[in-house]
Amino acid sequence: MGIVLKILITGGAGYIGSHFVKLLIENHVELFIIDNLSRGHQESIPKNVIFEKADINDNQKLNSIFKKYKPDSVVHFAALAYVGESVENPTKYYQNNVVGSFNLIKACSENEVENFIFSSTCSIYGNPRKIPIAENEPSNPINPYANTKFIIETILKDFESKYGMKSVSLRYFNAAGASFDGSIGESHNPETHLIPLVMETALGKRKDIWVFGNDYNTKDGTCIRDYIHVEDLAEAHFKALRYLQIGNESTIINLGTGNGNSVLEIIEMAKRISKKKIDYVIANRRQGDPAILVASNEKAKKLLSWEPKYSIDDILTTAWNWHSNPKF
Ligand code: UDP
């Protein structure tokens, strides 16, 4: 990267965080991780990395960690990320994603952190009017999870005006796939995401996969999403840090491929890659699912000089390898 960084990664034991950690280590960047291990996996943390088991709700511990390690940049992955759970238990989501993130941002402002990269989400757009979705699409979060992310984007703007910390909020589309060397991958409990569930069905761990609705206004009636490889996401975080480090302004950037695949297409491709049968059942629509979410990634290409390297085939192949041989 050419510039010395000392990076605090929150949620570094989680799915996307651990892929980012792996990339930083490969690039010899100095980093340390905090994670409360409520959803992350200790096994995904490399042995030689500094790790503090800490919760972003624990102000005292956060402050002592900032004093001890003095990071200049923070990449904030730690969050709860299930839409359904956020509707069931908004308290938990506001406590963790809003109060916890606020504690972290406050600690940053008190400890001279210069750069902040925030894991945001395309669900901030709600039911978008235009596809592909550009960053100037109005924000219209329609569930507590999306609201928590939108609130943090807003806090980051307000804090910058007063304290000067710059930030990039990265609005992910559907993170998917696993590392190409098979060492880390997606392992959620409970699992609710399409691709892991499809792979578990191929492996015979589930009888079938439920397709949530086939009466949408799409080519085959099932929902279309923009699946982006987790290693592409990791690289975009790296480039977003560099973007800030060289003096650019705070911004919000979509991270997607610009391509969409339907639920039935994913199932068909997974059958081909796994060479297994995957039975599915057409079920009711899942509440709150927009028909189509596909990113415009023009801004990421322009500002970050980033573009996704991996295809949906790469996503499904690495996911299949991981789920066939998970390390945790
Ligand atoms: N989906 C499905 N069956 C499942 C899980 C997901 O049909 O068991 C659909 C879901 O309705 C959505 C797409 O697959 O259209 C991707 O869902 P996922 O939960 O993976 O990600 P989301 O788009 O909700 O972030």
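The shown structure was predicted, so the numbers you read here are calculated from the model rather than taken from an experiment.

## Section: the side chain of glutamate 200
Looking at the secondary structure, you find glutamate 200 in helix H6 (residues 194–202). Setting aside its immediate chain neighbours within four residues, glutamate 200 contacts Glu191, Lys205 and Arg206.

## Digging into the site of the ligand
With respect to spatial proximity, 15 residues lie near the ligand, and among them Leu194, Trp210, Arg225, Arg286 and Asp289 are the closest. In this structure, a nitrogen atom belonging to the ligand sits 2.6 Å away from a main-chain N or O atom of tryptophan 210. Note that an oxygen atom of the ligand is positioned 2.6 Å from one of the side-chain N or O atoms of arginine 286. Its free accessible area being 510 Å², the ligand has 86% of it covered by the protein chains. Broken down by secondary-structure element, the contributors of at least two residues to the shell around the ligand are H6 and strand E8 (209–212). No other element matches E8, which puts four residues into the shell around the ligand. Residue composition of the shell around the ligand, by class: nine nonpolar, three polar and three charged.

## Quick look at the pattern of salt bridges
Counting across every chain of the model gives 21 salt bridges. Note that glutamate 26 and lysine 22 form a salt bridge whose closest N and O atoms lie 3.0 Å from each other. Taken together, the residues span about one helical turn, with glutamate 26 and lysine 22 both in helix H1 (residues 15–26) at a distance of four residues. With a closest N to O distance of 3.6 Å, arginine 225 and aspartate 289 form a salt bridge. Of this pair, arginine 225 sits in strand E9 (residues 224–225) while aspartate 289 sits in the loop between strand E13 (280–283) and strand E14 (292–293), placing them 64 residues apart in sequence. With respect to class, arginine 225 is no different from aspartate 289; both count as buried.

Criteria and cut-off values
- Residues numbered from 1 in each chain as written.
- Predicted model: local features only at pLDDT ≥ 70, side-chain atom pairs only at ≥ 80, totals over all residues.
- Heavy atoms only, no water.
- Helix = DSSP H or I, 4+ residues; strand = E, 2+ residues; numbered from the N terminus.
- Contact = heavy atoms within 4.5 Å.
- Near = heavy atom within 4 Å.
- Polar contact = N/O pair within 3.5 Å; in protein donor to acceptor, adjacent residues only side chain to side chain.
- Areas by Shrake-Rupley, 256 points an atom, 1.4 Å probe, with all protein chains shown as cover.
- Nonpolar A, V, L, I, M, F, W, Y, C, P; charged D, E, K, R; others polar.
- Salt bridge = Lys/Arg side-chain N within 4 Å of Asp/Glu carboxyl O.
- Buried < 20%, exposed > 50% of the residue type's maximum accessible area, 1.4 Å probe, protein only.

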